[in-house]
Amino acid sequence: MGVYENVKKALQDVVAPELRALQGEIKRLDEKVDSGYKRLDEKVDSGYKRLDEKVDSLRNEVLSEIKRLDGKMDSNYEKLDEKVDSLRNEVLSEIKRLDGKMDSNYEKLDEK
């Protein structure tokens, strides 16, 4: 047997089985990495879902508070309108009273 044949046989006997074993190990590691990616994707999806739920909950709370404040402001505007109307009526009434008093005083002046 020649040197070439001896090297070829050594490669087939020693290196080839090691390469097959390494290929099997690589395949196993690929599966393990794929499994890890899958678990990571599930955790990320779960995290996004929880985050979406929290954002939706916060959005609902904010909208509810805005509606409450809108109602309160509407009520305050109504009260303010009532107070302004009341004050306007008081001022008009006072103007009419003073106008009448001035007319009376003018009449007295005209008489004198």
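Parameters and conventions
Residues numbered from 1 in each chain as written. Predicted model: local features only at pLDDT ≥ 70, side-chain atom pairs only at ≥ 80, totals over all residues. Heavy atoms only, no water. Helix = DSSP H or I, 4+ residues; strand = E, 2+ residues; numbered from the N terminus. Rg over C-alpha atoms; globule rule 2.2 N^0.38 Å. Buried < 20%, exposed > 50% of the residue type's maximum accessible area, 1.4 Å probe, protein only. Areas by Shrake-Rupley, 256 points an atom, 1.4 Å probe, with all protein chains shown as cover. Lys, Arg positive; Asp, Glu negative; His and termini not counted. Charge placed at Lys NZ, Arg CZ, Asp CG, Glu CD. Salt bridge = Lys/Arg side-chain N within 4 Å of Asp/Glu carboxyl O.

An account of the overall build of the protein is needed here, citing residue identities and associated values.
Along the backbone of the protein there are one helix and zero strands. Over its C-alpha trace the protein gives a radius of gyration of 47 Å, far above what one expects of a compact globule, namely 13 Å for 112 residues. Seen through its C-alpha atoms, the protein measures out along the principal axes to roughly 160 × 25 × 5 Å. Evaluated residue by residue, the protein yields a buried proportion of 0% over its 112 residues. Of the roughly 10,700 Å² of accessible surface on the protein, 57% is carried by carbon and sulfur atoms. Averaging the coordinates of the 24 positive side-chain charges in the protein and doing the same for the 28 negative ones gives two points 7 Å apart.

Hey, could you go over the pattern of salt bridges for me, with residue numbers and the actual values?
In total, this model carries six salt bridges according to the counting rule given. Arg28 is the salt-bridge partner of Glu25, the closest N and O atoms lying 2.6 Å from each other. Here Glu25 and its partner Arg28 are both found in helix α1 (residues 3-111), three residues apart, which amounts to about one turn of the helix. Taking relative accessible area as the criterion, Glu25 reaches 35% and is therefore assigned partly exposed. With relative accessibility at 41%, the residue Arg28 sits in the partly exposed group. When the shortest N-O distance is used, the salt bridge between Arg88 and Asp85 registers 2.7 Å. Note that Arg88 and Asp85 are positioned in helix α1 at a spacing of three residues, about one turn of the helix. Using a relative accessible area of 36% as the deciding quantity, one classes Asp85 as partly exposed.

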